[in-house]
Amino acid sequence: MRFTVAGLKPFVVLTFIVTLIFFFLTKSAEDNSLVLAYPDGAPAGTSGAPNENDCTDCHNQSTLTGQFQLILPSNYVPGQTYQITVQHTTADATRARWGFQLTALTAANAAAGTFANTTSFTQTSQSGGRRYVDQTTSGTFRNQTGGASWSFNWTAPATDVGPVTFYSSGLQANNNGGDSGDQTYVDSQAVSPAAAAPAHQFADFDGDGKSDPAVYRPGDRTWYFLMSTSGFAAAQWGIPSDKLTPADFDGDDVTDISVWRPGASDEAAFYILESATGTVRVELFGMTGDDPMVVGDWDGDGKADPAVYRDSASGSQSYFYYRGSLNNPGGSITYLPWGATGDIAMRGDFDGDDRQDTAVFRPSNRVWYVRQSSNSQMRLFWWGVPSDKFVSGDFDGDGKTDPAVFRSGIWYILRSSDSGVTYINWGVNGDILAPADYDGDGKTDAAVFRANEGLWFIRRSSAGVPLIFPFGVSSDKALQAEFVK
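A short tour of the structure in this document, coming up. (Residues numbered from 1 in each chain as written. Predicted model: local features only at pLDDT ≥ 70, side-chain atom pairs only at ≥ 80, totals over all residues. Heavy atoms only, no water.)

## Here's the deal with the overall build of the chain
So, step 1. A tally of regular secondary structure across the chain gives 1 helix and 33 strands.
So, step 2. Long-range contacts, defined here as pairs at least 24 residues apart, represent 50% of the contacts in the chain between residues at least 6 apart. (Helix = DSSP H or I, 4+ residues; strand = E, 2+ residues; numbered from the N terminus. Contact = heavy atoms within 4.5 Å.)

Here you go:
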């Protein structure tokens, strides 16, 4: 059989092209083997968490010469945001490129919380119901030696989900363009929920979990207490024009003697006598016209925060202002726009996350507007009329504030536990309303101070027999009454 050159030419050319394509594909795979290292972020599911791979899935392991660690909060408060840091350190100068992937899971291996980038060096992703953070290409810090670190934010779950475990795998690469000679690391750490913040009683001056009958006497500028553990006590603090703002500012479970003194924006201040140390603390805050009776634990760390409500702060927009004590070394003020001209600020934790919520009652339509701190969702309550006295408290013991009003001797309570209504016939018009948990059962008790007789009438939720006893004179102010609107 004879073959001509003309007959061979198409076959030879085709073979040459196929060979050339194969050569370049092979060469491209070799030259670009860095793709296997995923400099722009590892595939989801390589954090080393249960049922996941780690960095050894793509990198050949070599002897470890460095360290890899997670820097996490000691515990978490539901809904709070924390800075998380992932850190590589090494004295090995051959390590010149870096990476990581991290996820956070509950004990049931469900995603816990959410992540947010704070620099261009990290990115977030989701896969299989889990959330991840890893480095970007610029976050590999190519040719950097000695180590690397990344910081980003983690917002804890809105509710207590038990311990949350952070799983992370890390890569200390030699930057040789391939997957050989690299070092891979894993670390995991659990973060437990913070102990439940203590319920801030309006006037628990001995720290036994029970509110103590207490009055302020303007004539001698003295606070008088009838404490459930140690009996009668007294202390001079403040002047008659001050607003009384007792709360636990130092987090020792004891209410601190405190007043707010109006003045110009550089003069108005809270004057606090901290019970833990006897230290006098002055917090410049607010100005004349503000409502300081919204003091409370706004950030969930177990300490009351200086706070005021300013009607019509900007046009018709009203604002809540507070200075949080959690992760706030610079003393920054948080501004929360909520409410409108003429609204009445309400004080309470309506979603049970141990943080104050922004809440107002609008007389024009008789609606409560509550912005829940746990999820920023708005809730509405149609409860009460403008002429009522507002006596909010946790009357059903579920850890949430119940909208409640007093009208002509009757307490009308909208229970948060089941949306039912409780009616309590207690007191008469002219009484000073002083609701608080006097028996320490976790439920607010209906109580009044009848100043013209110097008598207290307390309807304890834990007992069928009411308490009636003399304490105070006609000119006194019941401290619990200061939080009634």
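Alright, that's what it looks like, and here's the rest.
## Section: the environment of Y412
So, step 1. Counting through the fold element by element, Y412 comes out in strand β27 (residues 410-414).
So, step 2. The sequence separation of Y412 and T422 amounts to 10 residues, and the corresponding C-alpha distance is 6.1 Å.
So, step 3. When neighbours within four sequence positions are excluded, Y412 is seen to be in contact with W383, P403, A404, V405, R407, T422 and Y423.

## Describing unusual backbone geometry
So, step 1. Residues other than glycine seldom take positive phi values, yet N51 does so here, at roughly 65°.
So, step 2. Within the secondary structure layout, N51 lies in the loop between α1 (5-31) and β1 (66-71).
So, step 3. We note that N327 has phi near 50°; this positive angle belongs to a residue other than glycine.
So, step 4. For N327, the position within the fold is in the loop between β19 (317-322) and β20 (334-340).

## Things to note about the sheet that holds strand β17 (residues 280-284)
So, step 1. Taken together, 4 strands build an open sheet; the order of strands is β14-β15-β16-β17 and the sheet is antiparallel. Where the open sheet ends on each side, the last strands, each with one partner, are β14 (243-244) and β17.
So, step 2. The sheet contact formed by β14 and strand β15 (residues 257-261) spans 2 bridges and is antiparallel. Bridge assignment links K243 to a residue of β15, and that residue is W260. (Pairing = 2+ DSSP bridges.)

## A word on empty space enclosed by the protein
So, step 1. The tally for this structure, following the rule as stated, stands at 2 cavities of 30 Å³ or more.
So, step 2. Around the second largest cavity, the lining residues are F202, A345, M346, R347, F390, V391, S392, P435, F483, V484 and K485. (1 Å grid on protein atoms, 1.4 Å probe; cavity = no way out; pocket = protein on both sides within 12 Å on 5 of 7 lines; lining within 4 Å. Points joined across faces, edges and corners; volume = space filled by probe spheres on them.)

## Section: the environment of E482
So, step 1. Mapped onto the secondary structure, E482 falls in the segment after β33 (477-478).
So, step 2. Sequence separation between E482 and M293 is 189 residues; the distance between their C-alpha atoms is 7.5 Å.
So, step 3. Apart from residues no more than four positions distant in its own chain, E482 is found in contact with L244, M293 and K477.

## Structural notes on the side chain of Q372
So, step 1. Assignment of secondary structure puts Q372 in the loop between β23 (367-371) and β24 (378-382).
So, step 2. Polar contacts involving the side chain of Q372 include one to the side chain of N375, which spans 3.1 Å.
So, step 3. Those residues in contact with Q372 that sit more than four places away from it in its chain are D351, D357, Q377 and R379. (Polar contact = N/O pair within 3.5 Å; in protein donor to acceptor, adjacent residues only side chain to side chain.)

## Side note on the pattern of salt bridges
So, step 1. Scanning the entire structure with this criterion turns up 14 salt bridges.
So, step 2. Here D242 ties to R261 by a salt bridge, and the two come within 2.8 Å at their closest N and O atoms. Note that D242 is positioned in the loop between β13 (231-236) and β14 and R261 in strand β15, a separation of 19 residues in sequence.
So, step 3. Judged by its relative accessible area of 3%, D242 falls in the buried class.
So, step 4. R261 sits in the partly exposed class, given a relative accessible area of 25%.
So, step 5. For R310, the salt bridge identified is with D290, shortest N-O distance 2.8 Å. Of this pair, R310 sits in strand β18 (residues 307-314) while D290 sits in the loop between β17 and β18, placing them 20 residues apart in sequence. Take R310 and D290: they sit in the same class, and that class is buried.
So, step 6. Within the structure, one salt-bridge network assembled from shared partners comprises E274, R281, E283 and R323. (Salt bridge = Lys/Arg side-chain N within 4 Å of Asp/Glu carboxyl O. Buried < 20%, exposed > 50% of the residue type's maximum accessible area, 1.4 Å probe, protein only.)

Fair warning: the whole summary comes from geometry, so function is off the table for now.
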